2 protein chains.
Amino acid sequence: MKTRILTILKETDGFVSGQELCDALHVSRTAVWKVMRQLEEEGYVIEAVRNKGYRLLEAADVMTEAELGSRMKTRWLGRNLVYFPETDSTNIQARRLAAEGCPEGTLVVADRQNAGKGRRGRSWASPSGTSIYMSFVLKPDIPPYCASMVTLAAGMAVVKAVEEETGLETGIKWPNDAVAGGKKICGILTEMSAELETIHYIVTGIGINVNQKEFPEEIRESATSIGLELGREVNRSALIAKTMEWFEVYYDKFLKTKDLSLLKEEYESMLANLNRQVRVLDPAGAYEGICRGIDREGRLLVELPGGEVKAVMSGEVSVRGIYGYV
Amino acid sequence: MKTRILTILKETDGFVSGQELCDALHVSRTAVWKVMRQLEEEGYVIEAVRNKGYRLLEAADVMTEAELGSRMKTRWLGRNLVYFPETDSTNIQARRLAAEGCPEGTLVVADRQNAGKGRRGRSWASPSGTSIYMSFVLKPDIPPYCASMVTLAAGMAVVKAVEEETGLETGIKWPNDAVAGGKKICGILTEMSAELETIHYIVTGIGINVNQKEFPEEIRESATSIGLELGREVNRSALIAKTMEWFEVYYDKFLKTKDLSLLKEEYESMLANLNRQVRVLDPAGAYEGICRGIDREGRLLVELPGGEVKAVMSGEVSVRGIYGYV
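Along each chain, residues carry numbers from 1 onward, in the same order as the chain's sequence is written. Naming scheme: in the order in which they are written, chains are lettered from A and ligands are numbered from 1. Restriction of local features to residues with pLDDT of at least 70 applies here, the model being predicted, together with a cutoff of 80 or more for giving and counting side-chain atom pairs; totals for whole chains, interfaces and linings are based on all residues. To get the side-chain values, take all heavy atoms of the structure and skip hydrogens and water.

(A) View of the nonpolar core. Counting residues in hydrophobic clusters, the biggest one holds 137 residues, and the most contacted among them are Phe247 of chain A together with Phe247 of chain B. Excluding anything up to four places from it in sequence, phenylalanine 247 of chain A contacts Leu77, Phe136, Leu138, Val150, Ala153, Ala154 and Ala157 of chain A. As used here, the term nonpolar core means buried Ala, Val, Leu, Ile, Met, Phe, Trp, Tyr and Cys residues forming a set that is joined through side-chain atoms within 4.5 Å. Remark: exposure states derive from per-residue accessible area (1.4 Å probe, protein chains only) relative to the maximum for the residue type, with buried under 20%, exposed over 50%, and partly exposed in between. Should any heavy atoms of two residues lie within 4.5 Å, those residues are counted as being in contact.

Pasting the structure below:
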């Protein structure tokens, strides 16, 4: 009910009368009044005027199940929403739900993680009130080696959503980090449970630095937040909902061909290092070349000094711009 | 203690005195006597002669934790052994243990499965007393796309163990079914939990038809058991231990190069269809060709009528001999 009242308040320009809300939701005036009190406690500023009704004055960076639900405009992604004020890690929770058979598109969001992690078991700093920690469950009928393409689509969704929702222009550091001003604002951790031929489920975890004002010493040089880059606060719930909207679009395109044929061009337009010198940290020996985009399977195309183009697979190597992190 | 007593009984040609057993294990005569009674209840035939001691007369097809333990000659694989008279599926149990952080090499064996499954969620008939259902946990530091090579090594271990332990010659139907007389005697289901770049753990499940005398109608044409082919019963515990021994050998070789360079030749010598006509059931259109072995990554090499050799990836297609199942 809270989600519906919030949605109505947001969709109405002026006041909504208590009676209208009662009629729409088939509940009592007292019930409506109680929800208004709850919303105020969560940080919403609501004006209540006798004979006029209620009006939402200000939507702060509130992140609750109701706020998220009221913003979600997707068809299926994030429609089954599980919100935690605090949890160990949204990936762990999403994997647990997936193992229990939750529907595809189930989205887990937390305000704080006490065991957040990045790739290869690295920890991911996860304070409350400032960041997005979200993980969603996918069940595509594709073999495991195609999973990396899904994660490229997730990077695209973040870049697109950040730009549309906040105006900040970001780029992609291959394969799927979102970067701004040469620093990382988003990391993606994709995990899967699979047989050799087929995926049981994928959990894609996205961490976005939204309103952090500072970072731990060890990542200060390589990390930034959307808020720091813009000089103002950004609403996390809106950004989550927008990311889900765009992921649905990109994921649909991916599923049409089960490769990146339909996404390649747009992905390359987001690629921070396109046509620039990169350094490929191959365990067999580092080398440099010019980044020439990706192929249909998401491999990075690197043109070597001799003109030969190498297709670099995610997971085997790490790629850096020759100046700084990106 | 039971495992140690069983091991000593097996390793001794004649009688072992009760006192020797007490001394070796630091337990009382009563404790030794109790273990002998338990072993008899499990199906062992033990001769007990005053002033001489105990002697193992006959080792039937007993499958218990102690029997398995007494036969295991591996360095690390199967040393942590979990035995179930009945369970849902050994893969499910092994995945559960792996998620809880069990050591690499943990082996789960069951006498009966009530939810046994094959690839792509198909069910796997799992009656008690006649078959092997075993799953083990591996934690190799390899990217997910290399997991299929591990499963090829598992197929080799089964073929080698069956031959060494029972004398029955079997072959491999690519990628990893073991076949005898044109019918399947073994199926392997490999599952993994992974990130894009790295595997958390692999669970390799092996089902071997050992002493079944008949099969359900729907697989009678395509399945057989070792016992049916040989016309006699085979000891399951011995076969499990031998399979583990051989898998250790092959897995070591795999890890040396992280591909099948060191196994390719032996694998091909086991390949039932080598240099024979096969039909590749590609979703994009079936075609025929001659099976020419595998490459270092485990792909099947199929020579097309025009002479071109295609590398077929496991998981994308299914390959059949042009006559019958193999």
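(B) Molecular detail of the packing of helix α6 (residues 147-166) of chain B against helix α8 (residues 236-257) of chain B. Residues and elements named next belong to chain B. To obtain an axis, a line is fitted to C-alpha atoms, over the contacting stretch when the element is a helix, and the angle between two such axes runs from 0 to 180 degrees between their N-to-C directions. Comment: elements are numbered from the N terminus, with helices defined as DSSP H or I runs of at least four residues and strands as E runs of at least two. Where α6 meets α8, the closest approach of the two axes is 8 Å, and the angle between their N-to-C directions is 135°. Relative to α8, the element α6 is oriented oblique. You can see that α6 and α8 cross each other, and the crossing is right-handed. Where α6 abuts α8, its residues Met149, Val150, Ala153, Ala154, Met156, Ala157, Val158, Lys160, Ala161, Val162, Glu164 and Glu165 lie against Ala238, Leu239, Lys242, Thr243, Trp246, Phe247, Tyr250, Tyr251 and Phe254. In this classification, the charged set is Asp, Glu, Lys and Arg, the nonpolar set is Ala, Val, Leu, Ile, Met, Phe, Trp, Tyr, Cys and Pro, and all remaining amino acids, among them Gly, are polar. Taken together, the residues of the contact of α6 with α8 break down into 16 nonpolar, one polar and four charged. Angles are sorted into four bins: roughly parallel if under 35 degrees, roughly antiparallel if over 145, roughly perpendicular if 65 to 115, and oblique for all others. Note on convention: near helix rotated counterclockwise from far helix by under a right angle means a left-handed crossing. Clockwise means right-handed.

(C) Focus on the relation of the copies chain A and chain B. For the pair chain A and chain B, the relating rotation is 180°, the translation along its axis is 0.0 Å, and the fit reaches an RMSD of 0.1 Å. Both chain copies can therefore be described as sitting about a two-fold axis. Measuring from the rotation axis to each C-alpha of chain A, the shortest distance belongs to serine 193 of chain A, at 2.3 Å. Most of the interface of chain A is mirrored in chain B: 100% of its interface residues are interface residues there too. C-alpha atoms of residues with pLDDT of at least 70 in both copies form the basis for the least-squares superposition of the copies.

(D) View of the pattern of salt bridges. The salt bridge definition used is simple: a Lys or Arg side-chain nitrogen within 4 Å of an Asp or Glu carboxyl oxygen. Per the counting criterion, the structure on display carries 44 salt bridges over all chains. Notably, a salt bridge pairs glutamate 100 of chain A with arginine 96 of chain A, separated by 3.5 Å at the nearest N-O pair. Between lysine 242 of chain B and glutamate 245 of chain B there is a salt bridge whose closest N-O contact spans 4.0 Å. Here lysine 242 of chain B pairs with glutamate 245 of chain B, and both are found in helix α8, just three residues apart, close to one helical turn. Accessibility expressed as a relative area gives 23% for glutamate 245 of chain B, which makes it partly exposed. Each of Lys10, Glu67 and Arg71 of chain A takes part in a single network of salt bridges with overlapping partners.

(E) Spatial organisation of the interface of chain A and chain B. Chain A puts 25 residues into the contact, and the matching count from chain B is 25 residues. Reported buried area values correspond to the accessible surface (1.4 Å probe) lost by two parts on association, with both partners' losses combined. Across the chain A/chain B interface, buried area totals approximately 2,200 Å², and carbon plus sulfur atoms make up 54% of it. If you look at where chain A meets chain B, you find zero salt bridges. In protein, a polar contact means a hydrogen-donor-capable atom and an acceptor-capable atom, both N or O and within 3.5 Å, with residues adjacent in sequence counting only if both atoms are side-chain atoms; elsewhere, any N or O pair within 3.5 Å suffices. Applying the counting rule to chain A against chain B returns four residue pairs in polar contact (both at pLDDT 80 or more). Elements with a contribution of two residues or more to the side of chain A that touches chain B: α6 (147-166) and β8 (183-195) of chain A. Class assignment for the residues of the side of chain A that touches chain B results in eight nonpolar, nine polar and eight charged. Bridge count between β8 of chain A and strand β8 (residues 183-195) of chain B: five bridges; the pairing is antiparallel. Paired with glutamate 195 of chain A across the bridge in β8 of chain B is glutamate 191 of chain B. Two strands pair under a simple rule: DSSP has to find at least two bridges between them.

(F) Unusual backbone geometry, seen in detail. Of note, the amide linkage connecting tryptophan 174 of chain A to proline 175 of chain A takes the cis form, showing an omega dihedral of 5°. Unlike most non-glycine residues, asparagine 275 of chain B shows phi in positive territory, near 60°. Residue placement: asparagine 275 of chain B occurs in the loop between α9 (264-270) and β10 (277-281). According to the relative accessible area criterion, asparagine 275 of chain B is partly exposed, its value standing at 48%.

(G) Layout of the packing of aromatic side chains. All names here are of chain A. Stacked, tilted and edge-to-face pairs are distinguished by plane angle, under 30 degrees for stacked and over 60 for edge-to-face with tilted covering the rest, among Phe, Tyr and Trp rings (Trp via its six-membered ring) whose centres lie within 6.5 Å. In this structure the tally under the stated criterion is 10 aromatic pairs over all chains. The interplanar angle of 25° and the centroid separation of 5.3 Å between the aromatic rings of phenylalanine 247 and tyrosine 251 together place this pair among those described as stacked. With phenylalanine 247 and tyrosine 251 both in helix α8 (residues 236-257) and four residues apart, this pair spans about one turn of that helix. Owing to a relative accessible area of 1%, phenylalanine 247 belongs among the buried residues under this scheme. Residue class for tyrosine 251 comes out buried when judged on its relative accessible area of 2%.

(H) Summary view of the pairing of strand β9 (residues 199-209) of chain B. All names here are of chain B. Counting buried positions along β9 yields 10 of 11 residues, so the element is predominantly enclosed. Both strand β5 (residues 131-138) and β9 contribute to a ladder of eight bridges, which runs antiparallel. Bridge pairing in β9 places tyrosine 133 opposite glycine 207. Direction of pairing for β8 relative to β9: antiparallel, over a ladder of nine bridges. Each bridged residue has a counterpart across the sheet, and for threonine 190 the counterpart in β9 is threonine 204.

(I) Expanded view of the side chain of glutamine 113 of chain B. Residue and element names in this part refer to chain B. Within the secondary structure layout, glutamine 113 lies in strand β4 (residues 107-113). Take glutamine 113: its relative accessible area is 9%, and that puts it in the buried class. Side-chain polar atoms of glutamine 113 contact the side chain of serine 126, separated by 3.0 Å.

(J) Geometry of helix α5 (residues 90-99) of chain A. Residues and elements named next belong to chain A. Turning to α5, its buried residues number three or more, namely Thr90, Asn91, Gln93, Ala94, Leu97 and Ala98. Down the axis of α5, the buried set is contained in an arc of 160°. They therefore lie on one face. Looking at the buried positions of α5, the neighbouring elements they touch are β3 (81-87), β4 (107-113), β5 (131-138), β8 and β9 (199-209). Looking one or two places after α5, you find glycine 101, whose phi comes out positive at around 95°. Directions are taken from the helix axis to each C-beta atom, and the arc is the one they span.

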